[in-house]
Amino acid sequence: MGLTAAALAGTVAGPWASRTETAAARAETGTADLVVINARVYTVDARVPRAEAFAIKNERFIAVGLNDDIKGLIGNDTRTIDANQMTVVPGFIDGHNHASGDVLLYEVLVGNPFEVEFVTIGGVIDKLRARASQTPPGIWVEGYFFDDTKVRNARVLNVHDLDTVSAEHPVVVHHRGGHTSYYNSKAFELAGVTKHTPNPQGGTYDRDANGELTGRVTDTARTVFAGTGNRPMRTATELDQRARDGLAHISKQFARYGLTSVHHQGGDLAAIQEVRARGDLRHRVSYEASGRVLETMMTSGIQTGFGDEWVKLGATSEHTVDGSFSERTMALSQPYPGSTSGYRGNLTQTQEELDAWIERVHLAGIQVNCHANGDVAIDMVLTAVERALRRSRGPTHARRLPTAP
């Protein structure tokens, strides 16, 4: 099946059968499509917590038990796997993932997206310089999956480091948490940001003790860079191909790590469907919509749960209310420890804006998914949900998810 042993048990849907059901399953279904024997199976079922083997037919578990019990379901066409005492557990469900596989394939990765790995600032600079050397002046050079807690140097990445990458390219390094980025002087120049530029609502241009820009920019303050400089020009066909190749690539990575169901925070829905149609989708998708797709759902009466067991419309894509735990920008009721400015994090929504959005989505029958990490933001979401419930007098569709790491 092309998956790890850890993921094997999660590649099919349906409940685990107990040992007492084995004989009935054999009588009703005949031979199995797949039998795994000689394994250490953790069923996560209190009735039969451990087993040696299991059988599958028509993508459903039909029996779980001892080797001798299950071997009777092996026929001429049964695929049989001897696990050789490998451990098998149900497939893992990832509740929150920005599954941008095209970034993994095509962009500069300055951190390791899969394993815990410490990097050096020099190594980050070298990777960005290599991309800059192949990029025309004026076009952005970007690095991804930076983690400021996984740097061997005893200091943080700053604007001066990124200035050594290039003075002709705007340069940015994106934190893996998705709420902070680091820019060089060229990027600030193109965006018109100086040390005198005030912080916008919900974001910061970080400054050192002398009031100079450090290069670190948080949350909503990053939006000013979106329309500056130039990005590589790609045709619609090229963009479509990147999206499909990226989705197929990341699906293989999910399967490799035992993730058999993943909640996608947006992404290219058409790409997901095409990759599935060509047989390259290795995981089940709960698609969490935003923008045009979410608006279409609400205006067309499409609710959470529409779809099938492979691709299903889930909650909304995360509606951001505050910053990040890992990047220390979530909204707190008390100042951050060690802060001399009284900084309490970033709120990216007002209560009134959040109230209106949650009520509208809730009344449409779509599950609400809010990014709320700090206690202030969590309280705002709960207040908005309570308000929506009072006004609708119906069941809640809300849930709260933490940010990516």
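Refer to the structure above for everything that follows.
Residues numbered from 1 in each chain as written. Predicted model: local features only at pLDDT ≥ 70, side-chain atom pairs only at ≥ 80, totals over all residues. Heavy atoms only, no water.

Trainee: How should the layout of surface pockets be read in this particular structure?
Mentor: Estimated volume of the second largest pocket: approximately 510 Å³. In this structure, the second largest pocket is lined by 21 residues; those nearest its centre are D206, R207, R216, R328 and Y343. Mapped onto the lining of the second largest pocket, the elements with two or more residues apiece are β13 (203-207) and β14 (213-219). (1 Å grid on protein atoms, 1.4 Å probe; cavity = no way out; pocket = protein on both sides within 12 Å on 5 of 7 lines; lining within 4 Å. Points joined across faces, edges and corners; volume = space filled by probe spheres on them. Helix = DSSP H or I, 4+ residues; strand = E, 2+ residues; numbered from the N terminus.)

Trainee: I tried to follow the pairing of strand β1 (residues 34-37) on my own but got confused; where do I start?
Mentor: Along any regular strand, the residues point their side chains to alternate faces of the sheet. Burial along β1 is two-sided: the residues L34 and V36 and V35 and I37 are all buried. Strand direction decides the pairing type here: β1 and strand β4 (residues 53-57), joined by 3 bridges, are antiparallel. Within β4, the residue paired with V36 across the bridge is F54. (Buried < 20%, exposed > 50% of the residue type's maximum accessible area, 1.4 Å probe, protein only. Pairing = 2+ DSSP bridges.)

Trainee: I tried to follow the sheet that holds strand β2 (residues 40-42) on my own but got confused; where do I start?
Mentor: Pairing between the strands of a sheet comes from backbone hydrogen bonds, and it takes one of two forms, parallel or antiparallel. If you trace the 3 strands from one edge of the open sheet to the other, you get β3-β2-β7, paired in mixed fashion. The open sheet terminates on both sides in strands that have one partner only, identified here as β3 (50-51) and β7 (87-88). Pairing analysis gives 2 bridges linking β2 to β7, with the strands arranged parallel. Its bridge partner being in β7, V41 is matched across the sheet by V88.

Trainee: Explanation requested: the sheet that holds β1 in the structure shown.
Mentor: With respect to topology, 4 strands assemble into an open sheet ordered β5-β4-β1-β6, the strand pairing being mixed. Lying at the two open borders of the sheet, with one neighbouring strand each, are β5 (60-65) and β6 (79-82). Put simply, the sheet's adjacent strands are angled 15° from each other on average, direction ignored. Of the strand pairs in this sheet, β4 and β5 are connected by 5 bridges, and their pairing is antiparallel. Its bridge partner lying in β5, F54 is registered against V64. (Axes fitted to C-alpha atoms, helices over the stretch in contact; angles between N-to-C directions.)

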